[in-house]
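# Commentary on secondary and tertiary structure
One-letter residues, chain by chain:
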Amino acid sequence: ILNFDSISVKNFIEKNKIEFDFVEVILFDENSIIIPEVFFDEKRIENIVSTSMTLKSDFLVYDKIFDTRQVVLYYLKKENKKIINDFFPKAEIKHFTSQLFKILAKFSKNNYKKNMFINIRDNFFDIFLYHSEQLIFFNTFNHKTIEDFLYFVFYVVEIQGINQIESNIYFLGKNDKFNKYYNSFSKFYNSAKFLNSETSNISQNYHGCPIFLDIFE
């Protein structure tokens, strides 16, 4: 869920005559951080987050990834929490990166090249770096221009020792509005691949992470 309100949710449910036995809400509108579970202390959650994100008055929540013993922390907007409680009181809420960590770890398992995954979205982009199923780097960066994007991507490429022989770089789906980003990146690194969604380009262009359109089709 990116931006929604109670009226649009109500209209969507009624228009599509949807009945729910189980609801999982996946949030895309806030960034996240990930830490090893051994360092997680719910009583110190604000102190943990303050080292990486600006503290807010919204709800600070977390997802536990049991397979990899990691914890993803993020904010849930107050207005979104109210809408979710009103319409889906038993919903399970997850951050989209929590889902991706599991998916990308499985994709990278037994591949002993470094696998770097890039997800570009409005105003931000996410970089995930795996060696086999082990996450060795994750961060979210701001971007306003292509130059911003290239600067931070190639900073990570350099400090993590990524090269076109011993590493793989993947974009998580292709969104046409970022074509200039992909083309500019390919001038410097021409072996990147797309983990493309099989759904229509129109749908992908409105999604914060197009690869999810296949996972939850």
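In this text the structure is predicted, and so the values were computed from the model without any measurement.

## Considering the pattern of salt bridges
Under the criterion given, the structure shown has 7 salt bridges. Across the salt bridge formed by K94 and E92, the nearest N and O atoms sit 3.6 Å from each other. The buried category is assigned to K94, whose relative accessible area is 15%. Here R121 and D126 are joined by a salt bridge, their closest N and O atoms 2.8 Å apart. Classification of R121 by relative accessible area gives buried; the value is 8%.

## Section: the side chain of D126
Tracing the chain through its elements places D126 in strand β7 (residues 124-131). With relative accessibility at 0%, the residue D126 sits in the buried group. At 2.8 Å, the side chain of D126 forms a polar contact with the side chain of R121. Polar contacts involving the side chain of D126 include one to the side chain of T140, which spans 2.8 Å. With residues near it in sequence (within four places) discarded, D126 still touches F96, F117, I118, N119, R121, F138, N139 and T140.

## Digging into helix α4 (residues 96-108)
Relative to the 18 Å expected for 13 residues at 1.5 Å per residue, α4 spans 18 Å between its end C-alpha atoms, a close match to the ideal helical length. Within α4, burial applies to F96, T97, S98, Q99, L100, F101, L104, A105 and S108. N110 occupies a position one or two residues after α4 and carries a positive phi of about 65 degrees.

## A look at the pairing of strand β6 (residues 114-121)
Of all 8 residues that make up β6, 7 are buried, and the element is covered over most of its length. Sheet analysis places β6 next to β7, joined by 8 bridges and oriented antiparallel. Its bridge partner being in β7, I118 is matched across the sheet by I127. Between β6 and β7, which pair antiparallel in sequence order, lie 2 residues; one of them, N123, sits at a positive phi of approximately 75 degrees. Where β6 meets strand β9 (residues 167-171), 5 bridges bridge the pair, whose relative direction is parallel. Residue pairing across strands places M116 opposite I169, the latter belonging to β9.

## Let's talk about the sheet that holds strand β3 (residues 59-65)
In space, the 3 strands of this open sheet follow the order β2-β4-β3, with antiparallel pairing throughout. Single-partner strands in this sheet number two, and they are β2 (32-36) and β3. Put simply, the sheet's adjacent strands are angled 25 degrees from each other on average, direction ignored. Here β3 runs beside strand β4 (residues 70-76); their pairing, made up of 7 bridges, is antiparallel. Bridge pairing in β4 links F59 to L76. In the packing of helix α3 (residues 78-87) onto the sheet, the strands contacted are β3 and β4, and the crossing angle to β4 comes to about 100 degrees.

Thresholds, definitions, all that
Per-chain numbering applies: the sequence of each chain, read as written, is numbered from 1 onward. Whole-chain, interface and lining totals are the exception, using all residues; otherwise, since this is a predicted model, local features are given only for residues with pLDDT of at least 70 and side-chain atom pairs are given and counted only at 80 or more. Water and hydrogen atoms were dropped before computing side-chain values, which therefore reflect all heavy atoms in the structure. The term salt bridge refers to a pairing of a side-chain nitrogen on Lys or Arg with a carboxyl oxygen on Asp or Glu at a separation within 4 Å. Exposure categories follow from relative accessible area, calculated using a 1.4 Å probe and restricted to protein chains: below 20% of the type maximum is buried, above 50% is exposed, and the middle band is partly exposed. Numbering of helices and strands runs from the N terminus, with a helix taken as a DSSP run of H or I at least four residues long and a strand as a DSSP run of E at least two residues long. Whenever a nitrogen or oxygen atom comes within 3.5 Å of another N or O atom, the pair is scored as a polar contact, on the condition that within protein one atom can donate a hydrogen and the other can accept it, and that pairs from neighbouring residues in sequence are kept only if both atoms are in side chains. Residue contacts are counted whenever heavy atoms from the two residues lie within 4.5 Å of one another. The span you would expect from a helix comes to 1.5 Å times its residue count less one. A pair of strands is treated as paired once DSSP finds two or more bridges between them. Axes here mean lines fitted to C-alpha atoms, for a helix over just the part in contact, with angles spanning 0 to 180 degrees between N-to-C directions.

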